[in-house]
Amino acid sequence: MPILLSIALGVLPMLANAWFVYWLDRYEKEPLSLLGGVFVWGALLSAGVAYLFNTFFGMGVYLVTGSEAMTELSTGVAFAPLVEETLKGAAVLGVFLAFRKEFDSLLDGVIYAAIVALGFAATENFLYIYERGYLESGYSGLLWLAFVRVVLVGWQHPFYTAFIGIGFALARMSPRLEVRFLAPFLGWVVAVLNHALHNTIALLLPGAGWYLLGTVVDWSGWLFMAIFVIWAIRREQKALTRWLKDEVEAGAITEAQYHAACSTWSQWKAKLAAISSGKFRRTQRFYQVCAELTHKKLQREVMGEEQGNSQIIAALRLELQGLSSSIAS
């Protein structure tokens, strides 16, 4: 029973957070299969390998120094942030390399990074809640650790790894060679430093001091990231407004469809209405293509032809015309 409760309290909230992150991706939804894959990567591969590395490193430090304080400091502040952010970042790198066409915007970078980090957090939460909560203090410890891991620090891992996602997104969107190399590295550095800062506060200010200062620091960072995400969503909306206007003038979509494509509220109403007419999937695909076409036009402006941008744009425009004629205006 304690194990099942630890899993429920540690994993289910992270799945709910992952759904919220998916919901934030308002205009061009990333494939659920790909998001599910990076979540599993975080939960199994990243968390599993990190647990082994951190454990063996800590054992080595203790054998050499004989000091529990030195072991916790070196593992928590220096080693764990490097290992964990590298393993989580590897999933983002995998998407960046193998599914490059899905990496279209700054928001995409945040989405993939946050999802893999939430998978990692799900496994780590379970381990903390069970091992440091229940095994040390029974059910009261279990419930307290669940509160700490889910409420007080529930968004810590997505916050750190989001910087790696932003770095890869900047690399994807820049024609400059130095940006392509430096942006992911700098994103990783910022992720590691923020992770190390959190762990340092937790180690040097245990008890009430950590709960106060750590919560203030963490939540300030999350507020910054929330503002960034809102800005990224607005940026994507402005891109739709700009790049879809040409499709109205070319007759690919109607004026009403254009305005709906640029508004998540109008899209939601159109999709809801399409359920009764049996055209939900076509309507959903129509707005997805609108966003994909927008991003591809923007990529052509910044990156040139790259990997056949004009051909992809032509194919998307043809699909958009076919969808436009069969859905409500």
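What counts and how
Within each chain, residues carry numbers counting from 1 in the order of the written sequence. Two thresholds apply to this predicted model, a pLDDT of at least 70 for residue-level local features and 80 or more for giving and counting side-chain atom pairs, whereas whole-chain, interface and lining totals are computed over all residues. Derived side-chain values reflect all non-hydrogen atoms in the structure, with water molecules and hydrogen atoms excluded from consideration. For this document, the term salt bridge refers to a Lys or Arg side-chain nitrogen within 4 Å of an Asp or Glu carboxyl oxygen. Where helices and strands are cited, they refer to DSSP runs of H or I of at least four residues and of E of at least two residues respectively, numbered from the N terminus. Here the term buried applies to any residue with accessible area under 20% of the maximum for its type, exposed to any over 50%, and partly exposed to those in between, with areas from a 1.4 Å probe on protein chains only. Polar contact is the term for a pair of N or O atoms within 3.5 Å; when the atoms are in protein, one must be able to donate a hydrogen and the other to accept it, and sequence-neighboring residues count only if both atoms are side-chain atoms. We call two residues in contact when some of their heavy atoms are within 4.5 Å. A patch is a set of surface residues, each over 30% in relative accessible area and not in a salt bridge, joined within 9 Å for like charges and within 5 Å for the nonpolar side chains Val, Leu, Ile, Met, Phe, Trp and Tyr. Accessible surface is estimated by sampling points in the Shrake-Rupley manner with a 1.4 Å probe; for residues, cover comes only from the protein chains shown. Only buried Ala, Val, Leu, Ile, Met, Phe, Trp, Tyr and Cys residues count toward a nonpolar core, and they belong to the same one when joined by side-chain atoms within 4.5 Å. Angular values range over 0 to 180 degrees, each being the angle between N-to-C directions of two axes fitted as lines to C-alpha atoms, with helices fitted over their stretch in contact. An angle below 35 degrees is read as roughly parallel, one above 145 as roughly antiparallel, one from 65 to 115 as roughly perpendicular, and any other as oblique. The handedness criterion is simple: a crossing whose near helix is rotated anticlockwise from the far helix by less than a right angle is left-handed, and one whose near helix is rotated clockwise is right-handed. All residues other than Ala, Val, Leu, Ile, Met, Phe, Trp, Tyr, Cys, Pro, Asp, Glu, Lys and Arg, Gly among them, are scored as polar; the first ten of these are nonpolar and the last four charged. Here a pair means two rings of Phe, Tyr or Trp (six-membered ring of Trp) with centres within 6.5 Å. Their orientation is stacked below 30 degrees between planes, edge-to-face above 60, and tilted elsewhere. Should the NZ of a Lys or the CZ of an Arg lie within 6 Å of a ring centre and within 35 degrees of the ring normal, that charge is described as sitting over the ring. Any two cysteine sulfur atoms lying within 2.5 Å of each other are counted as a disulfide. Expected helix span is given by 1.5 Å per residue-to-residue step, counting one fewer step than there are residues. The bend reported for a residue corresponds to the angle between axes fitted to the seven residues ending at that residue and the seven starting there.

Novice: Help me out: how do you make sense of the pattern of salt bridges in this one?
Specialist: For side chains bearing opposite charge, pairing can occur when the charged atoms are close. Considering all chains together, one arrives at 10 salt bridges under this definition. Between Arg176 and Glu178 there is a salt bridge, with its nearest N and O atoms 2.8 Å apart. For Glu247, the salt bridge is made with Lys297, and the minimal N-O distance between the two is 2.4 Å. A residue pair is termed long-range when its members are at least 10 positions apart, and Glu247 in helix H8 (residues 245-249) and Lys297 in helix H11 (residues 280-303) qualify at 50 residues. For Glu247, a relative accessible area of 0% gives the class buried. The network of salt bridges with shared partners includes Glu247, Lys297 and Arg317.

Novice: Where do I start with the side chain of Ser46 in this structure?
Specialist: Position of Ser46 relative to the elements: it lies in helix H2 (residues 32-65). Here Leu87 takes part through its backbone oxygen, which lies 3.1 Å from a polar atom of the side chain of Ser46. Those residues in contact with Ser46 that sit more than four places away from it in its chain are Trp41, Leu87, Lys88 and Phe120.

Novice: Would you explain a nonpolar patch on the surface in this entry?
Specialist: Together, Tyr51, Leu52, Phe53, Phe56 and Met59 line one region of the surface with nonpolar side chains, adding up to about 540 Å² of accessible area. Topologically, Tyr51 is positioned in helix H2.

Novice: Help me understand the side chain of Asn199 in this model?
Specialist: Among the secondary structure elements, Asn199 is positioned in helix H6 (residues 177-204). With a relative accessible area of 16%, Asn199 lands in the buried category. Here Gly76 takes part through its backbone oxygen, which lies 2.6 Å from a polar atom of the side chain of Asn199. Contacts of Asn199, omitting those with residues within four sequence positions, involve Gly76, Val77 and Pro81.

Novice: What am I meant to see in the environment of Pro158 here?
Specialist: Locating Pro158 in the fold gives a position in helix H5 (residues 156-173). Note on Pro158: relative accessible area 5%, which makes it buried.

Novice: What am I meant to see in the nonpolar core here?
Specialist: Of all hydrophobic cores here, the largest spans 61 residues; its most connected members are Phe103, Ile115, Met225, Phe286 and Leu320. Of the residues forming this core, the biggest block, 12 residues, is contributed by helix H4 (residues 106-152). Sequence-distant contacts of Met225, that is, excluding residues within four places in its chain, are made with Phe159, Ala162, Phe163 and Ile166. Within the second largest apolar cluster, five residues are counted, among which are Ala47, Ala50, Val83 and Leu87.

Novice: What exactly am I supposed to notice about the packing of helix H3 (residues 68-98) against H4 here?
Specialist: Axes are the key here: two packed helices are described by the angle between their axes and the distance separating the axes. Two numbers describe how H3 lies on H4: the axes approach to 9 Å, and their chain directions differ by 140°. When the axis of H3 is compared with that of H4, the two are oblique. Crossing angle aside, the handedness with which H3 passes H4 is right-handed. Between H3, through Glu84, Lys88, Ala91, Val92 and Val95, and H4, the contact on the second element is made entirely by Tyr112, Ala113, Val116, Ala117, Phe120 and Glu124. The residue makeup of the contact of H3 with H4, split by class, is eight nonpolar, no polar and three charged.

Novice: Can you walk me through the packing of aromatic side chains in this structure?
Specialist: The geometry of two aromatic rings is summed up by the distance between their centres and the angle between their planes. Enumeration over the complete set of coordinates arrives at 17 aromatic pairs. Centroid distance Phe20 to Trp23: 5.8 Å. Interplanar angle 25°. Geometry classified as stacked. Taken as a pair, Phe20 and Trp23 lie in helix H1 (residues 2-24) at a separation of three residues, close to a single helical turn. We classify Phe20 as partly exposed; its relative accessible area is 35%. An aromatic cluster is built from Phe96, Phe103, Tyr112 and Phe168, whose rings are joined through pairwise contacts. One cation-aromatic arrangement involves Arg26 over Trp23; the distance from NZ or CZ to the ring centre is 4.2 Å.

Novice: Quick question: what am I supposed to make of the packing of H3 against H6 here?
Specialist: As a packed pair, H3 and H6 sit with axes 9 Å apart at the nearest point and diverge in direction by 150°. One finds that H3 runs roughly antiparallel with respect to H6. At the point where H3 passes H6, the crossing takes the right-handed sense. Facing Glu72, Leu73, Gly76, Val77, Pro81, Leu82, Glu84, Glu85 and Thr86 of H3, the residues of H6 in contact are Trp188, Ala191, Val192, His195, Ala196, Asn199, Thr200 and Leu203. Along the lines of polarity and charge, the residues of the contact of H3 with H6 split into nine nonpolar, five polar and three charged.

Novice: Explanation requested: the state of the cysteines in the structure shown.
Specialist: In protein structure, a disulfide is the covalent linkage between the sulfur atoms of two cysteines. Tallied over the full model, the rule gives zero disulfides. Cysteine Cys262 is unpaired, with the sulfur of Cys290 as its nearest cysteine sulfur at 8.1 Å.

Novice: How do you make sense of H3 when you look at a structure like this?
Specialist: The periodicity of an α-helix, 3.6 residues per turn, causes residues three or four positions apart to be oriented the same way. With 31 residues, H3 extends 42 Å between its outermost C-alpha atoms, agreeing within 8% with the 45 Å of an ideal straight helix rising 1.5 Å per residue. Along H3, the sharpest change in direction is near 45° and occurs at Ala80; proline Pro81 comes one to four residues later. Here H3 starts with a cap whose side-chain oxygen sits 3.4 Å from the backbone nitrogen of Ala69, and that cap is Ser67.

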